[in-house]
Amino acid sequence: MENYHKSKILAILIGILPLIFELSSSFWKGDNGFFIVSAAYGLILLLLALSIPLEDLDQWFLEKTLSLLSVFLALTVVLNNLDIFPLSEIGALYQLTIISYMGILYFLDRHFNTKNLVLLLLNLNVLAQLSIKAGTLLILIISVLTFVFYLIRVMVTFSEQLRPFLLCVYLIVLLISLVWYVPELPEGILGNLSWNIGAILLLIELIVLIEIIGAMIYLKAKGYLAINAHLIVGIIGFLTISELSMLVVESNVINTSYLVLIFILSLSIVNIFGNISLGKKQVKISVLIPAYNSANTIVEALESIKNQTYQNWEIILINDSSRDKTEEILRRYLGNTKLPLKYIKQTHHNYFQAIRHGLKYASGEIIFVLDADKILFNQNVFYRAVSTILGEKCDGMFIGIRAMYQRLKDGKFHLVRPYYRNEVSLIKTALGLGKNIYTNYAFWRREVFETSVYENYLINGMPAWYNAQNNLGLRVANGNFVGLKYRVSKKSNLVDNPLKQNNSKTLFELSTNLRTLHHIVSRIKVPAYSTQAALYNLINRLHIASLYPSIFKQGQTSLREITPLVTKNIKNSELNNIYLKTIADFSNNFDPQKTAKIAIPKGTKIYWGTEIEEFSKKLSKNTLDQFYYDFMKIIGQGTTIYEIKKDDQKKLEQILEFFTIRDYVKIISN
């Protein structure tokens, strides 16, 4: 978390560059003042950047940096319009705006939301107010390249999913650029460029080239770089625009801060697109299919895999104690169709246990879980998934989902909302009372699936993208394409949960929501939680959640403020059981001084979060180990300090995790 906060500070320092440039020129007249301030500030940025681990200079750092830069550029122009100070460093501001404009156009593709649309408008407004010779040509070049690359990407990935809203935005931007450019045609736009480039401009261009090469060498030496097409295209595009912006501006003073910014952004670009973890070989996808009473759907699921254009995959099918003809139909199908499939049976029905069991037989570098009642959207899903994961640094990739009515008619798209690996995503999850605001349908790198996803999702039932160990999200990219179809009746909603629509499922959701919520707010203070939660819910319904101004700080939020909001609306008497009442009582009776000595009898069953159904059944039948009845009374009293033998400490930690309060108590072992 310390390095994560360092990257936040670096993003903020880069974001305020426009104000630094203008203030330095306002208070220290002349080129020398600007040069000295720029050099000193550039040194600060460079030292901070080199103190941050390379993995934190990722796509989320880059988008955060460009977002802040866009806001402060707009603020600088506003201050000028209010006559607070004039724009004296127009060339420097133009270079920053071009970089910001180019980046936001790219991130619109990755994260198409209201926030990025607003940032795009801010950049266009700043560019409209900066009068630079030949600047309109560069803006047009960027707009054309963005549009062309979008079309190429659609064609290369064999995708018929054009995303019409994004296409419309790119077309509008292209038309705006043409409108700005056309009036300069009679004079001859190239005539506005002075080709008398002095030695200082040649020196700057040479420095930029050296920075790009240096960034690649630095990462290569660290073992973080493998050249691929994504990296080459990204670097060429970024280098071209950076060079052209300096050619248009023709500055007489070396802007050291801008050069340092180019170097930092180059590190990020190489780090993102330099195929870091999976190598150049064609990787294998292991598809885990937990099947429970899936006789009517399993064949279609297997057929959707068999028809993929990307053919390096294997299937691990786990029969999760089916009681219908799933096995009979499967054997009949495999008798006529040869597939690389491993068939496994388990006797105790549990969706998460089935996945954990099947993972032992997987040999692929990428893991994907396909529910047996869903099918892949088209034959290019695997191709696009591998292309994304191999094309940039990420732990996994979300995919969109589409409803499929009566197995024939396609229904509504459900693209995953833009994912950000930052504390704001955690706060929005917390304000949603711990409900997963993204999805669990994703392709994962195997090492991530076997560690973080395994513990947080498959063991404790929390969102797969969330890492409770560092209270931060994983590095998950938005695939921005539909990868799955799911079957629903016309009035059904998408349920991103494999359990049945019954009391057990509702109890599972409540317990995992509470566990996620408690983990997040144990390390983040959310002022006026109930008010913020109501406001966020309203804004979220208006589909502008990306604009919600989350208010939070480091600290801990009292459970008295949040837990009752999750549990107060439980009217079903079957759900109003001792387990939920225990958690609610702990929150209301929380006592930081109350201590209890705990002894866990040998043979006591230790439950995981994904085993709440089994726990609940035994609780309703009064067949739980006596330890749990006694322990729930202790928890309900608000006890926060637990003394236990060292040998049983791990067991107690898991039990407290099961009751969602692990982060709010202290364990003393002896």
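Within each chain, residue numbers correspond to sequence positions counted from 1 in written order. The predicted origin of the model limits local features to residues at a pLDDT of at least 70 and limits the giving and counting of side-chain atom pairs to 80 or more, whereas totals for whole chains, interfaces and linings rest on all residues. Just so you know, side-chain values use all the structure's heavy atoms and leave hydrogens and water out.

Asker: Can you walk me through the pattern of salt bridges in this structure?
Answerer: When a carboxyl oxygen of Asp or Glu lies within 4 Å of a side-chain nitrogen of Lys or Arg, that pair is called a salt bridge. Scanning the model with the defined rule gives 22 salt bridges in all. Among the salt bridges present, the one from Lys374 reaches Asp373, with a minimum N-O distance of 3.4 Å. Given the relative accessible area of 37%, Asp373 is considered partly exposed. The shortest N-O distance in the salt bridge between Glu614 and Lys618 comes to 3.7 Å. With Glu614 and Lys618 both in helix H22 (residues 612-620), this residue pair falls four residues apart, about one helical turn. Residue burial is assigned from relative accessible area. The probe radius is 1.4 Å, only protein chains are included, and a residue is buried under 20% of its type maximum, exposed over 50%, and partly exposed in between. The exposure class of Glu614 is partly exposed, given its relative accessible area of 22%. Its relative accessible area of 28% is what places Lys618 among the partly exposed residues. In the salt-bridge network here, residues are joined through shared partners; they are Asp56, Asp58 and Arg475. Starting at the N terminus, helices and strands are each numbered in turn, a helix being any DSSP run of H or I of at least four residues and a strand any DSSP run of E of at least two.

Asker: I'm lost on unusual backbone geometry in this one. Help?
Answerer: Negative phi is the rule for most residues except glycine; trans is the rule for most peptide bonds. The phi torsion at His543 lies on the positive side, around 65°, for a residue other than glycine. As for its placement among the helices and strands, His543 is situated in the loop between helix H19 (529-541) and strand S13 (553-554). Taking the relative accessible area as the measure of exposure, His543 reaches 70% and is therefore exposed. Of note in this structure, Asn622 is not a glycine but carries a positive phi near 60°. Along the chain, Asn622 turns up in the loop between H22 and helix H23 (626-636). You can call Asn622 exposed: its relative accessible area is 57%.

Asker: I would appreciate a short explanation of the sheet that holds strand S14 (residues 591-597) in the present structure.
Answerer: Sheet strands associate in pairs through backbone hydrogen bonding, adopting either a parallel or an antiparallel arrangement. Reading across from one edge, S14-S15-S16 is the order of the three strands in this open sheet, with parallel pairing throughout. Two strands close off the open sheet at either side, each with one partner strand: S14 and strand S16 (666-669). Taken pair by pair, the neighbouring strands of this sheet meet at an average axis angle of 25°, ignoring direction. The rule for pairing is simple: two strands pair if DSSP sees at least two bridges between them. As judged from the four bridges shared by strand S15 (residues 639-644) and S16, these two strands associate in the parallel manner. Bridging from a neighbouring strand, Ile644 pairs with Ser669 of S16. Lying on the sheet, H23 is in contact with S14 and S15; it crosses S15 at an angle near 135°. Note on contacts: a residue pair is in contact if any heavy atoms of the two residues lie within 4.5 Å. Here, axes are lines fitted to C-alpha atoms. For helices the fit covers the stretch in contact, and angles between N-to-C directions go from 0 to 180 degrees. On the sheet, helix H24 (residues 649-658) packs against S15 and S16 and is oriented at approximately 165° with respect to S16.

Asker: Even after reading the chapter, I still don't get helix H5 (residues 90-110), so can you show me in this structure?
Answerer: For the α-helix, the turn length of 3.6 residues means that residues three or four positions removed from each other point alike. Helix length check: H5 (21 residues) gives 30 Å between terminal C-alpha atoms against 30 Å at 1.5 Å per residue, within 8%. Of all the 21 residues making up H5, 19 are buried; the element is thus mostly covered by neighbouring parts of the structure. Multiplying 1.5 Å by the residue count of a helix minus one yields the expected span of that helix.

Asker: I keep staring at the packing of aromatic side chains and nothing clicks. Help me out?
Answerer: Geometry of an aromatic ring pair is reported as the spacing of the ring centres plus the angle between the planes. Only Phe, Tyr and Trp rings are paired, with Trp represented by its six-membered ring, and only when their centres lie within 6.5 Å; those with planes under 30 degrees apart are stacked, over 60 edge-to-face, the remainder tilted. Scanning the model with the defined rule gives 31 aromatic pairs in all. The interplanar angle of 65° and the centroid separation of 5.8 Å between the aromatic rings of Tyr579 and Phe615 together place this pair among those described as edge-to-face. Note that Tyr579 is positioned in helix H21 (residues 578-588) and Phe615 in helix H22, a separation of 36 residues in sequence. Its relative accessible area of 0% is what places Phe615 among the buried residues. Relative to Tyr628, the ring of Phe615 has its centre 5.6 Å away and its plane inclined at 80°; by these criteria the two rings are edge-to-face. One end of the pair, Phe615, is in helix H22; the other, Tyr628, is in helix H23, with 13 residues separating them in the sequence. Among the aromatic residues, those joined into a cluster by ring pairs are Tyr579, Tyr607, Phe615, Phe627, Tyr628, Phe631, Tyr642, Phe658 and Phe659.

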